[in-house]
Amino acid sequence: MTLRPIRRALFSAHDKSGIVELARELVARGVELLSTGGTARALREAGLPVREIAELTGFPEILDGRVKTLHPAVHAGLLARRDDPQHVATLTAHGLAPIDLLVVNLYPFERTVAAGADPAACIEQIDVGGPAMLRAAAKNHDGVAVLVDPADYPGLLAALAADGGTWLELRRRLAAKAFAHTAAYDAAIASWLAGEDWPERLVLAASLRQTMRYGENPHQQAALYATAPVRAGVTTARQLQGKALSWNNLNDTDAAFELVAELDEPAVVIVKHAGPCGVAVGTTLAEAWRKALAGDPQSAFGGIVACNRSLDPATAAGIAEIFTEVVIAPGAEPGALERLAGKAALRVLLTDGLPDPRASGRVLRSLAGGLLVQDRDCLVAADEPWRVVTQRVPSPAEARDLRFAWTVVKHVRSNAIVLAADGATVGIGGGQTSRVDAVWIAAHKAERAGHQGPRVAASDAFFPFADGLAAAIAAGATAVIQPGGSVRDSEVIAAADAARVAMVFTGTRHFRH
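Notes on the structure in this doc start here. (Residues numbered from 1 in each chain as written. Predicted model: local features only at pLDDT ≥ 70, side-chain atom pairs only at ≥ 80, totals over all residues. Heavy atoms only, no water.)

**A look at the environment of asparagine 105**
Selection rule: Here a helix means four or more residues in a row that DSSP labels H or I, a strand means two or more in a row labelled E, and each is numbered from the N terminus. Contacts were defined at the residue level, with two residues in contact if any of their heavy atoms lie within 4.5 Å. Identification of polar contacts relies on pairs of N or O atoms within 3.5 Å, with a donor-acceptor requirement for protein atoms, meaning one able to donate a hydrogen and the other able to accept it, and with residues adjacent in sequence counted only if both atoms are side-chain atoms.
When you line up the elements, asparagine 105 lands in strand E4 (residues 101-105). Linking asparagine 105 and alanine 190, residues 85 residues apart in sequence, is a C-alpha distance of 19 Å. Not counting the four nearest positions on each side in its chain, asparagine 105 is found in contact with Ser12, Ala13, His14, Asp15, Val148 and Tyr153. Within polar-contact distance, the side chain of asparagine 105 engages the backbone nitrogen of histidine 14 at 2.8 Å.

Here it is as structure tokens:
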């Protein structure tokens, strides 16, 4: 646990926040400053003495700045072992000196890509010298402290004030952060270069957003990490009130928000255990809330509520009447938050927008010893063609409800059945090994909630036999939407025609396992 003083520091930072303050404190402690061009200029303008890298190396920056720190005078100072007499003698023989502190952050590659820059501009934001210096300093953390994050500047200064140097424990932690920083940087570049291909090596990078009290169960630890590109949703949401979010809260809230984002009219989704239990659209958000709650008021207790419009006072007042774990919305109107403020345990999350349901992306799931990776299911109901396969064509009202139910069923665990009427779910059956059982559960929920009259039915995959359709018809379905594709499609169509039920094939399956 060797204490290492800092006598010489090298600065090369694209993000210059906090740089001047850090450098000023170091100069006050007698530290010599070295720096590259832009950073040196910022330090010099602040009245601080600084020696440019070109003066140290005896070689100017060339190739539009592509080559400036890739020089033995820099890397020998970072890599030389302080406890190796031969290393020390080599530095002396070449007129070099150790570098005890490296302060570097990298070109904004990810931000450049996200801004839609052309490939040439993105390539110019691939830092070479910065990662090389970071790796050198982090490798030699026995003697060198390395800073990649302005948030760590105060901690380093506190260590200097307390002990006059840095201890190995701090240097090791900073080195780990530096290697994670360069790894994430390289992962972003590799992902961009690979494009939509499936690379031989999948590299991922994520940054810690928060730790959880526990995971799915109290004996499991858990944390939330953010990945790039940034997607509107629970990871970027601002929590305005309530206790800390749990793993289950976040998982359920994500499921609710992804579904509500697919509905164009004012909509509310209520989720319980990652599955929707009440979904509705209305002329207002408050109307959608009332209809969604009526879909399954028993299951809604202790659920997650997602809105696709700014939360208004009337909707907030309705939500406050029942026990709710989380409310998430893309904003809030004046007075809405006050209606929820009395619910101390209720978490309120606001976002800067809705997730784009059509955006491409990849979904990961861990297996024993590996990962399953697939494209996001970014097909939305409005974009999917459908084909009426029965003698009777759906009425305009049935067609609207079919589109609605088809949107919802995509977000229900397979086997999935959704019964809907007047822009609201009246019964949902999901996660069943039998499609007939899924219909039975949806019908039972509709009956329990007192829903009567005709409704439409959506099935996430085809009916392998006519018995599933017969069960839906017995549950009051007058129109059905399903992918089709069964070897017994003709039998299923004949059963629908015999009952004067309209049926639509989409040609697309939406399994959700």
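**A closer look at the nonpolar core**
Rules: The set of buried Ala, Val, Leu, Ile, Met, Phe, Trp, Tyr and Cys residues whose side-chain atoms join them within 4.5 Å is what this entry labels a nonpolar core. Residue exposure (1.4 Å probe, protein chains only): buried if accessible area is under 20% of the type maximum, exposed if over 50%, otherwise partly exposed.
The biggest cluster of nonpolar side chains holds 51 residues, and the ones touching the most others in it are Phe11, Leu22, Leu26, Leu33, Leu78, Leu101 and Leu102. For this core, the element with the most residues is helix H10 (residues 168-194), which contributes seven residues. Leave out the neighbours within four places in its chain, and leucine 101 touches Ile6, Arg8, Ala9, Leu10, Leu26, Val144, Ala145, Leu147 and Leu156. Counting 40 residues, the second largest nonpolar core, distinct from the first, contains Val408, Val456, Ala458 and Ala479.

**A word on the layout of surface pockets**
Short version of the rule: In the cavity and pocket records, a cavity denotes points on a 1 Å grid over the protein atoms alone where a 1.4 Å probe fits but cannot get out, a pocket denotes an open set with protein on both sides within 12 Å along at least 5 of 7 lines, and lining residues are residues with an atom within 4 Å of a point. Grid points are joined across faces, edges and corners, and a volume is the space filled by probe spheres set on the points.
Each pocket or cavity is described by its volume, and for the second largest pocket that value is around 530 Å³. Along the walls of the second largest pocket sit 22 residues, with Leu263, Glu265, Val281, Arg400 and Phe404 positioned nearest its centre. Among the elements of the structure, helix H12 (285-295) and helix H16 (396-409) are those that each provide at least two residues to the lining of the second largest pocket. It is H16 that provides the largest number of residues to the lining of the second largest pocket, a total of six residues.

**Considering unusual backbone geometry**
Across the junction of serine 414 and asparagine 415, the peptide omega takes the value -10 degrees, indicating a cis bond. As for its placement among the helices and strands, asparagine 415 is situated in the loop between H16 and strand E17 (417-421). The phi dihedral of histidine 273 is positive, around 55 degrees, even though this residue is not glycine. Relative to the elements of secondary structure, histidine 273 occurs in the loop between strand E9 (267-272) and strand E10 (275-281). Overall, histidine 273 belongs to the exposed group, its relative accessible area being 70%.

**Points about the sheet that holds strand E3 (residues 51-52)**
Heads up, the condition is: We call two strands paired when DSSP finds no fewer than two bridges between them. A fitted line through C-alpha atoms represents every axis, and for helices the fit uses only the stretch in contact; the resulting angles, taken between N-to-C directions, go from 0 to 180 degrees.
Ordered in space as E3-E2-E1-E4-E5, the five strands form an open sheet in which the pairing is parallel. Since the sheet does not close on itself, it has two edges, and those belong to E3 and strand E5 (145-147), each with one partner. Sheet analysis places strand E2 (residues 32-35) next to E3, joined by two bridges and oriented parallel. When the bridges of E3 are listed, leucine 34 appears paired with arginine 51. Where helix H2 (residues 37-45) meets the sheet, its contacts fall on strand E1 (8-13), E2 and E3, and the angle it forms with E2 comes to roughly 135 degrees.

Bear in mind that shape data such as this cannot, by itself, settle questions of function.
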